[in-house]
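# Structure at a glance
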Amino acid sequence: MDTGKQPILHIPQSVVDDINGYRGQVEKFLKGETSPVAFRAYRVPMGIYEQRTEGSFMVRIRIGAGMVLPYQLERIARLSKTCGNGILHVTTRQDIQIHEVSIEDTPDVLEGLLEVGLSSRGGGGNTVRNVTACPRAGVCRREQFDVAPYAVATAEYLLQFRSSYNLPRKYKIVFSGCSDDCAFASVADLGFFARVQDGAKGFAVYAGGGLGSNPNVAVKIEDFVGDSEIFEVAEAIKRLFDKHGDRANKHRARLRYVLARIGPEQFVKLYKDERREVAKQGLEGLIPEIRATSVSPVEPTEPGDKDAGPKQYAANVEPEKIEGLFTVEIGLNLGDILADDLAEVGQIAEEFGRGVVRTTQLQNLLITGVAGSDVFRVNDRLSELSVDLTATDKPHIVACAGAATCKLGLCLSRGLAQAISDRLADEEISDRIRETSIRISGCPNSCGHHLIADIGLQGRAKRINGRLLPCYDVLAGAKTREADARLAERVGTVPAKRIPDMLAEAFKQDASDPQLLTDLVQRYSNFSPDQLADDYYFDHGSDEPFSLAGRGPGECGAGVMDVIKLDIDEAKEAIQAALLAQWETDLSDHLYKALLAATRSLLVIFGLEPKNDRETFTQFSDNLIRPGWVEPQTQQLLHKAIDWRMGDRASLDDLGPQTTALVRRVEELFLSLDANLKFKAEPIVQEDDPTQAEGQTHTIDLRGVACPLNFVKAKIELEKIAVGEILEVLLDEGEPVRNVPDSFAAQGHEVVRIDGVGDHFCVGVRRKK
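We now turn to the structure provided with this report. (Residues numbered from 1 in each chain as written. Predicted model: local features only at pLDDT ≥ 70, side-chain atom pairs only at ≥ 80, totals over all residues. Heavy atoms only, no water.)

### Points about helix α4 (residues 106-115)
Because each turn of an α-helix spans 3.6 residues, side chains separated by three or four positions end up pointing in the same direction. Spelled out, the test is: For the exposure calls, accessible area comes from a 1.4 Å probe over protein chains only, and a residue counts as buried if that area is under 20% of its type's maximum, exposed if over 50%, partly exposed in between. A run of H or I in DSSP becomes a helix once it reaches four residues, and a run of E becomes a strand once it reaches two; helices and strands are each numbered from the N terminus. Residue contacts follow a heavy-atom distance rule, with two residues in contact if any of their heavy atoms lie within 4.5 Å.
Buried residues dominate α4, accounting for 7 of its 10 residues. Those residues of α4 that fall on the buried side of the exposure criterion are T106, P107, V109, L110, G112, L113 and L114. Its buried side turned inward, α4 meets α1 (13-30), β1 (48-50), β2 (57-61), α3 (70-83) and β5 (96-101). Of the residues one or two after α4, G117 is the one with positive phi, at around 80°.

Below is the structure:
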């Protein structure tokens, strides 16, 4: 197999560096040097999710514009067999997933993928996700032009920046080749629709769309931009998202919440402001080349091919815009395919097509550029595999992973999909409604895209006489088309076990009739206990009574912000506990917990993970007190906390107000973090400028000098220097470092830092009067 072809998506060097450093991070985690929470924040943006079974992980591979080369498929298949369960999964966003990988094997998977130009970086977390495109881009007869090169280039541009991996939430970008919107640009965070205006290629641009909770259709932000302007547009929306996304609440952090909060007019204005700023500053980093992505162009080899029409071939064959060439669609069972079969599909594409395999939003595969004379041979080869060549001849069923593997899943969506497929297998379905889509999501997050289906099903649970019952909201009426998109609306709720019969009846009549579906839902939605057989309390494909066991917090938004918020919440809870227990004889334990959690919280943005309390306080001093992000007096607060911990101080009860103020300031800094993990808040005290400090800092060594003589000597030395200059006082630990700074502060001078230096401390005091 030819491995000389360059990967379609070129991986930026920063991503290569991250992958090369991943093994070391896993080793630290396995040795217990990194906490599970901190490691999760690291691995999820690397595209590695824990599945519902503890200790089992999924690796999500980015497939730029849904285009992957045969030798890459061969490597994916091999890694799935050696490190996973041997079954690959194609997602609704054109990625490919390897399942059931142990954490110990994930470095081998990532490094193995990198060797063939593939990466999972950004496959999860608050990142720029896979940039998708029409699955038939470059061969579709209806497209304005091939949008796949633009999707690939946009990904290459954004992925080179660290800021693309620390956004308020995920950022999804889509390119559609025409208004029919096969790629779903109308419901993306950023959607591009191909346009040709006065002979020039370009795009109409929409933004602020999205599915899941609070779903929204995108609004138009540009009538037309030239094709060379796509990077400016993507960068401007990223900056808008970074500045205005809600980092404090990941459930309301997506870009569509910004649109909902400020309205379309203000949203477009903010975008225009950001775009002007981007244009003024110029684009940073490397500007990718817009490269053709159609590999090994094929021309028909026989004259008769040009006269071949789609009716001569199977239902999975569609003519391309070059006469005599065809696309062959390969139906997968809910996106799954055996590893060896996936590798074989790649070999068939190499031999008979353009040498590239496409992944689709319907979780199928495409081989493009097949000559008419080869179509039958291709299908003969495919018929030997565990794939479905009649998938296009029946309603399209799409389902998310569901509760079988996903921690957020409520219902077994894949079990329901199989039950529907089995029930409809023998039904006569008219040509007119054969293209009807059924999309199933096991929870409200819409990974199965139920909000843009002809018939959408969203999993939920009801409690009937104390027993949990799996059921689904039924939605209908969706439309995805540029400038005319609408989301599906809820019709009603039906027990999961009744869904297949209900849909069979709908397809016997006319599933596209909204009123018919509404009437059927009302008839099938009887939740009277005496009408619910015992098996209704078992989900599809399960022999255990329905429950939410194993469900837990999902990892889609896991990242640095989650880790910080965990600590801040802990600090706030400790403060609240101190307030509720204010009549107790000693509140010190509550206040100490608040101090420790607050000071630990922000250290992760500096790449630090302290191993003990003293290290936490020291690192907080170096990175937040000394640069002026919190009040200088915080240093004394921390010393008093350590004294209490060591038994040298009776109580912390008098430090409640200072501790509360510190927690508030830390949270304020947290909420001001941008995508580069830099504070947008202003420092309380400006950090000393080292270029101006020369000649203005004086030192006195008072180690071995006891209190109060050490303060007297330091005070005399301070009076020798000019107002505004700094005296560095070297003091022993214990009483000297506790008392001398307090004494200077009491006299109105500024204690700018207290640094531990080996077995002593260096106290910086600025003369104020």
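### Some remarks on the nonpolar core
Nonpolar side chains tend toward joint burial in soluble globular proteins. For the record, the criterion: In these notes, a set of buried Ala, Val, Leu, Ile, Met, Phe, Trp, Tyr and Cys residues joined through side-chain atoms within 4.5 Å is what counts as a nonpolar core.
In terms of nonpolar packing, the biggest core is built from 115 residues, with I76, Y171, F175, L190, F203 and L382 touching the most fellow members. Take this core: its biggest share by element is 9 residues, from helix α5 (residues 148-159). Counting residues in hydrophobic clusters, the runner-up holds 41 residues, among them I575, L655, V666 and A681.

### Let's talk about the pairing of strand β24 (residues 760-766)
We apply this condition: Two strands are said to pair when DSSP picks up at least two bridges between them.
Counted residue by residue, β24 has 7 buried out of 7 residues, so it is predominantly covered. Here β24 shows two buried faces, one formed by H760, C762, G764 and R766 and the other by F761, V763 and V765. Pairing of strand β22 (residues 726-732) with β24, which is carried by 7 bridges, proceeds in the antiparallel orientation. Each residue of the ladder has a partner; that of L727, found in β24, is V765. Of the strand pairs in this sheet, strand β23 (residues 750-757) and β24 are connected by 7 bridges, and their pairing is antiparallel. Bridge pairing links D755 to C762 in β24.

### Digging into a nonpolar patch on the surface
Threshold: Residues enter patches when their relative accessible area tops 30% and they take part in no salt bridge; the joining distance is 9 Å for like charges and 5 Å for the nonpolar side chains Val, Leu, Ile, Met, Phe, Trp and Tyr. Per-residue and other accessible areas were derived by the Shrake-Rupley procedure at a 1.4 Å probe size, with only the shown protein chains allowed to occlude residues. Here, a salt bridge means any side-chain nitrogen of Lys or Arg that lies within 4 Å of a carboxyl oxygen of Asp or Glu.
Taken together, the side chains of L709, V712 and I716 present a nonpolar region at the surface, about 250 Å² in accessible area. Positionally, L709 belongs in helix α19 (residues 709-718).

### Brief notes about the state of the cysteines
The condition is simple: Working definition: a disulfide is two cysteine sulfur atoms within 2.5 Å of each other.
Taken as a whole and judged by the stated rule, the model has 0 disulfides. Note on C134: no disulfide assigned, nearest cysteine sulfur contributed by C182 at a separation of 5.3 Å. Residue C134 is classed as buried on the basis of its relative accessible area, which comes to 11%. Free of any disulfide, C471 has its nearest cysteine sulfur in C411, 6.6 Å distant. Judged by its relative accessible area of 0%, C471 is buried.

### What about the sheet that holds strand β7 (residues 173-176)?
A sheet is described by the order of its strands in space; here 5 strands give the open sequence β6-β7-β8-β9-β10, paired in mixed fashion. With one partner strand each, in any of the chains shown, β6 (132-133) and β10 (219-226) form the two edges of the open sheet. Pairing analysis gives 8 bridges linking strand β8 (residues 190-197) to strand β9 (residues 200-207), with the strands arranged antiparallel. Directly across from A194, in β9, lies its bridge partner F203.

### Points about the pattern of salt bridges
Within this structure, the stated rule accounts for 51 salt bridges. The partner of E232 in a salt bridge is R275, with the nearest N and O atoms 3.1 Å apart. With E232 in helix α6 (residues 230-244) and R275 in helix α7 (residues 255-281), this residue pair connects regions lying 43 residues apart in the sequence. Its salt-bridge partner being R645, residue D613 comes within 3.9 Å of it at the nearest N-O pair. Here D613, found in helix α15 (residues 613-625), pairs with R645, found in helix α16 (residues 634-645); they are 32 residues apart in sequence, far enough to count as distant. Salt bridges linked by common partners bring E222, E229, E232, K272 and R275 together as one network.

### Topic: the packing of helix α14 (residues 588-601) against α16
Going by this rule: Here the axes come from fitting lines to C-alpha atoms, over the contacting stretch only for helices, and the angles between their N-to-C directions go from 0 to 180 degrees. For classification purposes, angles smaller than 35 degrees are called roughly parallel, those larger than 145 roughly antiparallel, those between 65 and 115 roughly perpendicular, and all remaining angles oblique. In this scheme, a crossing is called left-handed if the near helix is turned counterclockwise away from the far one by less than a right angle; it is called right-handed if the turn is clockwise. As a working rule, the residues Ala, Val, Leu, Ile, Met, Phe, Trp, Tyr, Cys and Pro are called nonpolar, Asp, Glu, Lys and Arg charged, and the rest polar, with Gly in that last group.
Between α14 and α16, the least distance of the axes is 11 Å, while the angle of their chain directions is 130°. As judged from the angle between their axes, α14 and α16 are oblique. Here the hand of the crossing between α14 and α16 comes out left-handed. Only L637, L638, A641, I642, W644 and R645 of α16 make contact with α14, whose side of the interface consists of S588, D589, Y592, L595 and T599. Along the lines of polarity and charge, the residues of the contact of α14 with α16 split into 7 nonpolar, 2 polar and 2 charged.

### Brief notes about the sheet that holds strand β4 (residues 87-90)
In a beta sheet, neighbouring strands pair by backbone hydrogen bonds and run either parallel or antiparallel. Read from one edge to the other, the open sheet built from 5 strands follows the order β1-β2-β5-β4-β13, with strand pairing classed as antiparallel. Two strands bound the open sheet, and with one partner strand each, they are β1 and β13 (336-338). Strand-to-strand twist of the sheet, defined as the mean angle between neighbouring strand axes without regard to direction, takes the value 30°. Pairing of β4 with β5 involves 3 bridges; the strand directions are antiparallel. Residue pairing for β5: H89 is matched across the bridge by Q97.

### Quick word on helix α9 (residues 375-382)
Put simply, the test is: Within this analysis, the arc is defined by the directions that extend from the helix axis to the C-beta atoms.
Of all the positions in α9, only V375, V378, N379 and L382 are classed as buried. The buried residues of α9 occupy an angular sector of 95° when the element is viewed end-on, so they sit on one face.

### Quick word on the packing of aromatic side chains
Each aromatic ring pair is described using two quantities: the centre-to-centre distance and the angle formed by the ring planes. For clarity, the threshold we go by: Pairing of aromatic side chains here covers Phe, Tyr and the six-membered ring of Trp, requires ring centres within 6.5 Å, and sorts the geometry by plane angle: under 30 degrees stacked, over 60 edge-to-face, intermediate tilted.
Counted by the stated rule, this structure contains 17 aromatic pairs. Ring centres 5.5 Å apart and planes at 70° place the aromatic pair F145 and F203 in the edge-to-face group. Of this pair, F145 sits in the loop between β6 and α5 while F203 is found in strand β9, placing the two residues 58 residues apart along the sequence. The same class applies to F145 as to F203, namely buried. Ring centres of F193 and Y206 lie 5.4 Å apart, and the angle between their planes is 80°; on these two criteria the pair is classed as edge-to-face. Of the two residues, F193 sits in strand β8 while Y206 sits in strand β9, which places them 13 residues apart along the sequence. F193 sits in the buried class, given a relative accessible area of 0%. Looking at Y206, the relative accessible area reads 6%, which means it is buried.

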